[in-house]
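# Structural description and commentary
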Amino acid sequence: MQALFLYNTLSRKKEEFKAINPPFVGLYVCGPTLYSDVHIGNCRTFTSFDIIYRYLLHLGYKVRYVRNITDVGHLENEDAGSGEDRIGKQARLKQLEPMEIVQRYSFGFREVMSLLNILPPSIEPTASGHIIEQIEMTQKIIEKGYAYVIDGNVYFDVDKFSKENNYGILSGRNLDDQLENTRDLDGQDEKRGRLDFALWKKAKPEHIMRWNSPWGEGFPGWHIECSAMSKKYLGDVFDIHGGGMDLIPTHHTNEIAQNIGFCGAAPVNYWLHTNMLTLSGQKMSRSLGNVFLPVELFTGMKLADDSPSATPSQAKLNGKHPLFDKAFDPMAVRFFMLQTHYRSTLDFSNDALMASEKGFDRLMESYKTLRSLPASNVSSEDIKALQNKCYEAMNDDFNTPVLIANLFDALRIINSVNDKKSTLTQADIGLLKKLYEDFLFDVMGLKAEEQNTKTVSVLGKVVDMVLGLRTKAKADKNFALSDEIRNKLIEAGVEVKDGKDGSSWKI
Ligand code: AMP
Ligand code: ZN
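To keep things clear, this report deals only with the structure shown in the data block. Residue indices follow the written sequence of each chain, beginning from 1 at its first position. Chain letters start at A and ligand numbers start at 1, both assigned in the order the entries are written. Local features in this predicted model are restricted to residues whose pLDDT is 70 or higher, and side-chain atom pairs enter the listing and the counts only when it is 80 or higher, whereas totals over whole chains, interfaces and linings include all residues. Heavy atoms throughout the structure, all of them, feed into the side-chain values; hydrogens and water do not.

With that settled, the discussion passes to the overall build of the protein. The way it works is that DSSP assigns letters per residue, a run of H or I at least four long becomes a helix, a run of E at least two long becomes a strand, and they are numbered from the N terminus. Counting its regular elements, the protein contains 16 helices and 19 strands. With the C-alpha coordinates aligned to their principal axes, the bounding extent of the protein is approximately 90 × 50 × 45 Å. We call two residues in contact when some of their heavy atoms are within 4.5 Å. Sequence-distant contacts in the protein: of pairs separated by 6 or more residues, those separated by 24 or more amount to 72%. Only the protein chains shown count as covering a residue, and every accessible area follows the Shrake-Rupley method with a 1.4 Å probe. When the accessible surface of the protein is totalled, it reaches about 23,300 Å², and 51% of it is carbon and sulfur. Positive charges are assigned to Lys and Arg, negative charges to Asp and Glu, while His and the chain termini are left out of the count. Throughout, a charge is located at the NZ atom of Lys, the CZ atom of Arg, the CG atom of Asp or the CD atom of Glu. Each charge class in the protein was averaged separately, 61 positive and 67 negative side chains, and the resulting centres sit 5 Å apart.

Distances from the zinc ion (ligand 2) to its protein donors, C30 (SG), C226 (SG) and H251 (NE2), fall within 2.0 to 2.2 Å. Donor residues binding the zinc ion (ligand 2) come from one chain and are separated in sequence as C-x195-C-x24-H. Taken together, the positions of C226 in helix 7 (residues 222-234) and H251 in helix 8 (residues 248-263) put the pair 25 residues apart, joining distant regions of the chain. There is no split in this pair, since C226 and H251 are both buried. With water omitted from the atoms examined, metal sites may look incomplete; donors here are N, O and S atoms no farther than 2.8 Å from the metal, or 3.2 Å in the case of Na, K and Ca. Buried residues are those whose accessible area, probed at 1.4 Å on protein chains only, stays under 20% of the maximum for their type, while exposed residues exceed 50% and partly exposed ones sit between those limits.

Further remarks concern unusual backbone geometry. With an omega of 5 degrees, the peptide bond running from P22 to P23 counts as cis. Note on placement: P23 falls in the loop between strand 2 (13-16) and strand 3 (24-29). If you check the backbone angles, N117 has positive phi at about 60 degrees while not being a glycine. Summarising the element assignment, N117 is placed in the loop between helix 3 (98-115) and helix 4 (131-143).

Moving on, we come to the pattern of salt bridges. Pairs may arise between side chains of opposite charge once their charged atoms sit close together. Every case where a carboxyl oxygen of Asp or Glu lies within 4 Å of a side-chain nitrogen of Lys or Arg is listed as a salt bridge. Here the structure, examined in full by the defined rule, presents 24 salt bridges. R173 is the salt-bridge partner of D177, the closest N and O atoms lying 3.7 Å from each other. The exposure class assigned to D177 is partly exposed, which follows from its relative accessible area of 30%. With relative accessibility at 27%, the residue R173 sits in the partly exposed group. Between D498 and R486 there is a salt bridge, with the nearest N and O atoms lying 3.6 Å from each other. Pair noted here: D498 is in strand 18 (residues 495-499) and R486 is in helix 16 (residues 479-491), with a separation of 12 residues, a long-range link. For D498, a relative accessible area of 40% puts it in the partly exposed group.

Moving on: the nonpolar core. Only buried residues count toward a nonpolar core, which is a set of Ala, Val, Leu, Ile, Met, Phe, Trp, Tyr and Cys residues joined through side-chain atoms within 4.5 Å. Counting residues in each nonpolar core, the largest one holds 69 residues, and the members touching the most others are I40, I141, F156, L297, V333 and F348. Domain extents, as shown, originate in an automatic or database domain assignment. A domain split of this core shows at least three residues from each of domain 1 (19-274) and domain 2 (282-450). Discounting residues that sit within four places of it in the chain, F156 has contacts with I141, Y146, A147, Y148, F161, D196, F197, L199, A257 and Q258. Counting 58 residues, the second-largest nonpolar core is a separate cluster that includes L6, Y61, M394 and I429.

The next subject is helix 2 (residues 86-94). Of all the residues in helix 2, the buried ones are R86, I87, G88, Q90 and A91. Where helix 2 is buried, its residues meet strand 5 (75-77), strand 6 (82-85) and helix 3. Residue D85 occupies the N-cap position of helix 2, its side-chain oxygen lying 2.8 Å from the main-chain nitrogen of I87. By the criterion applied in these results, polar contacts are pairs of N or O atoms within 3.5 Å in which, for protein atoms, one can donate a hydrogen and the other can accept it, and in which residues neighboring in sequence qualify only through two side-chain atoms.

Only heavy atoms are used to decide nearness, and a residue is near a molecule or strand if one of them lies within 4 Å of it. If you check the shell around ligand 1, you find 19 residues, and the closest are T45, D246, L277, M284 and R286. A distance of 2.5 Å is found between an oxygen atom of ligand 1 and a side-chain nitrogen or oxygen belonging to D246. Considered on its own, ligand 1 offers 490 Å² of accessible surface; in the complex 94% of this is hidden by protein. If you tally residues by element for the shell around ligand 1, the top one is helix 1 (residues 40-58), at four residues. Looking at the shell around ligand 1 residue by residue, the classes come out as seven nonpolar, nine polar and three charged. When residues of the shell around ligand 1 are assigned to domains, at least three map to each of domain 1 (19-274) and domain 2 (282-450). Residue polarity is assigned by list, with Asp, Glu, Lys and Arg as charged and Ala, Val, Leu, Ile, Met, Phe, Trp, Tyr, Cys and Pro as nonpolar; anything else, Gly included, falls into the polar class.

Taking every second residue as pointing to the same face, both faces of strand 8 (residues 153-156) are buried, with N153 and Y155 on one and V154 and F156 on the other. Here strand 7 (residues 147-150) runs beside strand 8; their pairing, made up of four bridges, is antiparallel. Looking at the pairing, I150 lines up with N153 of strand 8. Pairing between two strands is assigned when DSSP locates at least 2 bridges connecting them. Connecting strand 7 to the antiparallel partner strand 8 that follows it, the hairpin turn spans two residues, and D151 within it adopts a positive phi of roughly 50 degrees.

It is worth spelling out the side chain of E255 at this point. Along the chain, E255 turns up in helix 8. One buried charged residue, E255, remains without a salt bridge, the closest side chain of opposite sign being K231 at 13 Å. Apart from residues lying up to four places away in sequence, E255 is in contact with C30, H223, C226, S227, H241 and W271.

Another aspect to go through is the packing of aromatic side chains. Two aromatic rings, drawn from Phe, Tyr or Trp (for Trp, its six-membered ring), form a pair once their centres lie within 6.5 Å of each other, and the interplanar angle then sorts them: stacked below 30 degrees, edge-to-face above 60, tilted otherwise. What the rule picks out here adds up to 21 aromatic pairs. The interplanar angle of 70 degrees and the centroid separation of 5.6 Å between the aromatic rings of F46 and F109 together place this pair among those described as edge-to-face. Within this pair, whereas F46 is found in helix 1, its partner F109 is found in helix 3, the two being separated by 63 residues in sequence. The same class applies to F46 as to F109, namely buried. Put simply, the rings of Y146, F156, F161, Y167 and F197 pair up and form one aromatic cluster.

Structural data, given as structure tokens:
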């Protein structure tokens, strides 16, 4: 088997993947902060990690995939360590319980993930469900001398940590550079150093989400949740940690510092980071306001201002969306994302999506053609070599654009055999089918468009009706017609089984 190489942000190069305890792999990915609907940019990151998860599974690894949900501690201005809690603020504005906010957006998030055929992680822990673990970890970091308490707040001592460790190991930035880029902030004077960050924050009287702690009532900082939850479910040192590239300089840098402060060991062997989805070259982000929602893309419509929810199944829509010419199927959107490597930026545009949709349809069409391809005794195409190339692409840091190019080579072979310009043996046709099923469906997670469900239900009714007519023909002793119906159904790909209680079928 070829080796799998992945780009490790820590070393800034591609490295061969070696699991700590094969066939088990621990994978942690920073999940969403559910204070509003996830946008299509967030979806890109989760799609990229879905491919990584799927490919590891495909290679036979037993992956424990942990993707958290941030439901407390993520402040409005996180880099500065200031502002209201994002969920607390929405709760205040909407006059709801914070957990009502999280529940509402969790439903939407899961629905969107499922529409995009993103596999659910093995564990989806929430920050609020792991307060004790975060307090314990913070306590231990204080004991080890890497954090200090001031007036109910606990801060990580970056200066002390940096004397013994390379704080900027992940970002490649040195301390002076980082200090220069960090502003002095009002109300943060109590911190010993400008880069120090909160592990625990004292809750002001108006703060809604609060817990008792050895330092008084408060709430955990954002970074400690991922350290505490990854440690709990994957151990002190695990294989892969991922997230968007925007998390490198602060969130992930601080996670590493916390874990080393806690137990002396760097927590992760391979750090993987996905690049951003942009709109006209600008990062799509809720704070910039240039976001659109998956439901808008999947319907081509704008979400109504008074929509009770943006959950695709409950959204109220109002008029055509100015950015899209039409509705795009979630699978075409998924394919569009996979046509770009996960470490490159991906600029969204209606035209690019239209082109992707065409390509996706052609591939799916060729799979149908493949199933009816004539076999010959001689093969004039080297399918095995093509299969190797598909693995080569994925083993080269999950290179989906190259994988897709190889699948288009397969498509050309299929068309050429279909046009009788070349030939394939039955065995090679079988290999091609496996190639499609392995890479297009299993690894890339694509499936026939969503209309599939509708088509299947209509088709089901039609087949039931035809089989009813066949039963009638049999009762009328018209066996020629009954056999003809059966054979025609089989020809169309419907398997018919006659039993004691009548006929059943499957496709
Ligand atoms: P958030 O809910 O903002 O904490 O983000 C959840 C995940 O989505 C993080 O891993 C971010 O890095 C990622 N993310 C945010 N914006 C984008 C974007 N425009 N493109 C790709 N990923 C993004
Ligand atoms: Zn995280």
